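Each chain is listed here by its residues.
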Amino acid sequence: MSSDDSTGPGGRRFETLAVTRGEEPDLDNGVGDVTSPIHLASTYAVDGIDTDTALEDLDPGADEFLYTRLSNPTRHAVEQRVAALEGGDRAMAFASGTSAVVATVMAAVEPGDRIVAFDDLYGGTNTMLKELFRDRLNVAVDFVDATDPAAVRAATTDDTALLWMETPTNPLLKLCDVEAMADIAREHGALLGVDNTFMGPYFQRPLELGADVVVHSTTKYINGHSDSLGGVAVTSDDEFAAEIGFLQQVGLGNVMAPFDAYMVLRGLKTLPLRMRQHEKNAAEVAAYLEAHEAVSAVHYPGLDSHPQHDLANEQMDGHGGVLSFELEGGLPAVERFVAALEEFTLAVSLGGVESLIEHPASMTHSPLPAEERAELGITDGLLRVSVGIEHPKDLVADLERGFAAMEEAGEASATDAGTAVSD
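Given the structure is predicted, the values throughout are model-derived calculations rather than measurements.

**Student:** Pulling in residues and values, what's your account of the sheet that holds strand β7 (residues 231-235)?
**Tutor:** The pairing of strands in a sheet comes from backbone hydrogen bonds and takes either a parallel or an antiparallel form. The strand order β1-β7-β6-β5-β4-β2-β3 describes an open sheet built from 7 strands, whose pairing is mixed. Each edge of the sheet is formed by a strand with only one pairing partner; in this case those strands are β1 (90-94) and β3 (140-144). Between one strand axis and the next, the sheet turns by 20° as a mean value, whatever way the strands run. When strand β2 (residues 114-118) meets strand β4 (residues 160-166), the two strands line up parallel, connected through 4 bridges. Across the sheet, the residue bridging to R114 is T160, located in β4. Those strands touched by helix α4 (residues 123-134) are β2, β3 and β4, and its axis lies near 155° from that of β3. Its contacts with the sheet place helix α6 (residues 178-187) against β4 and β5 (191-195), and it is angled at close to 150° to β5.

**Student:** Kindly report on the packing of aromatic side chains, identifying the contributing residues and their values.
**Tutor:** Taken as a whole and assessed by the stated rule, the structure comprises 7 aromatic pairs. A ring pair is formed by Y44 and F65, whose centres lie 5.7 Å apart and whose planes are at 45°; its orientation type is tilted. A residue pair is termed long-range when its members are at least 10 positions apart, and Y44 in the loop between α1 (14-20) and α2 (73-86) and F65 in the loop between α1 and α2 qualify at 21 residues. Residues Y44 and F65 agree in their burial class; the two are buried.

**Student:** How would you explain the nonpolar core if you had to name every residue and give the values?
**Tutor:** It is characteristic of soluble globular proteins that their nonpolar side chains tend to be buried jointly. In this structure, I115, L163 and L192 are the most contacted members of the largest nonpolar core, which totals 49 residues. For this core, the element with the highest residue contribution is helix α3 (residues 97-108), accounting for 7 residues. A77, L173, L271 and V322 belong to the second-largest nonpolar core, a separate cluster that totals 35 residues.

**Student:** Can you break down a negative patch on the surface residue by residue, with the values?
**Tutor:** Side chains of E179, E290, D304, D310 and E314 sit close together on the surface and give a patch of like negative charge. Examined against the element boundaries, D304 turns out to sit in the loop between β8 (295-299) and α11 (309-315). According to the relative accessible area criterion, D304 is exposed, its value standing at 68%.

Conventions adopted
- Residues numbered from 1 in each chain as written.
- Predicted model: local features only at pLDDT ≥ 70, side-chain atom pairs only at ≥ 80, totals over all residues.
- Heavy atoms only, no water.
- Pairing = 2+ DSSP bridges.
- Helix = DSSP H or I, 4+ residues; strand = E, 2+ residues; numbered from the N terminus.
- Axes fitted to C-alpha atoms, helices over the stretch in contact; angles between N-to-C directions.
- Contact = heavy atoms within 4.5 Å.
- Phe/Tyr/Trp six-rings, centres within 6.5 Å; stacked < 30°, edge-to-face > 60°.
- Buried < 20%, exposed > 50% of the residue type's maximum accessible area, 1.4 Å probe, protein only.
- Core = buried A, V, L, I, M, F, W, Y, C linked by side-chain atoms within 4.5 Å.
- Patch = residues over 30% accessible without salt bridge, like charges linked within 9 Å, V, L, I, M, F, W, Y side chains within 5 Å.
- Areas by Shrake-Rupley, 256 points an atom, 1.4 Å probe, with all protein chains shown as cover.
- Salt bridge = Lys/Arg side-chain N within 4 Å of Asp/Glu carboxyl O.
- Lys, Arg positive; Asp, Glu negative; His and termini not counted.
- Charge placed at Lys NZ, Arg CZ, Asp CG, Glu CD.

This is the structure we're talking about:
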């Protein structure tokens, strides 16, 4: 939908929807705000007693507001915009990405059901599926290598209610074929959910590929400035949307706060511009790292060396701004490398305008047992990078500082070893 020939609601294209959808000025209110106000009210006046309309029948699009947990004008604007950008009919905005995942999965399954999930998921999602759904809610969870559709098909049975995918995955940037996953789900009457946080709707729209629901941590690219927490689920299935909406508003009551919604609306206005620069910078950083002798592997779908590069080109409109790479020398090399960096901040999260670097084994994926990390390929030498929108030459120069620190430490170790031998 980012191309000149593709249009969304009202015939408008992606870049236009990112700026205006949900914030069309309302001159009837006598103000005509160009930017949606932050509606902090927790409750709203009503015209009178209405015994015919149930709470779930209230229509925010018709300015029917009663209580902010149920609906809020600023949050509603976010939901309209993200739904339009993802090509969905309904969106529900949550207080965090994790709460969006919990509600979506909970809406899809019940005790006795089965979930088939990508084995290379964000550590928090992996832990949630095991410790909440498997251990407490009696939902079986099978983790499979979803880069292979045959493995997913073999694991999926008529008891399977949900296929849960990330593509690309966190942190190894593996892909699954979304259309193939959708076919498998339909064969067994299951739903397909895709966490699209790494790509955002600018580069990938899983609903167009057959997914039933798409989830984002809006904390990441959708907000884009590392200053708002939130999540969103998008679907065109009215019945499924009602289930998710019930959990959002009533069952869990875990909704996006008005101020966070305002920040997300602001961030979305520049989403297309930011994503283009993130990708441009990530491609340059990935090429630099791949050519460096101290790097044993680079995981980035935009590289020809990525085993699923062709699939990336088929189902995505770009390759995103996240990559990971393996440093020779393991944890000691990692510690020296990150300590020398000045532009890349050592921190979890991703998708902000600033460049971040993190160590999955000790940070985002530390909840996973060491043996499980090893099986997934998350080594002590792995670093994940969220490439920001700074000048790429400054980012490469910063990485060179890291490599120089490693080399100096190596030379010092060799000198010490030689001195010990002489002694």
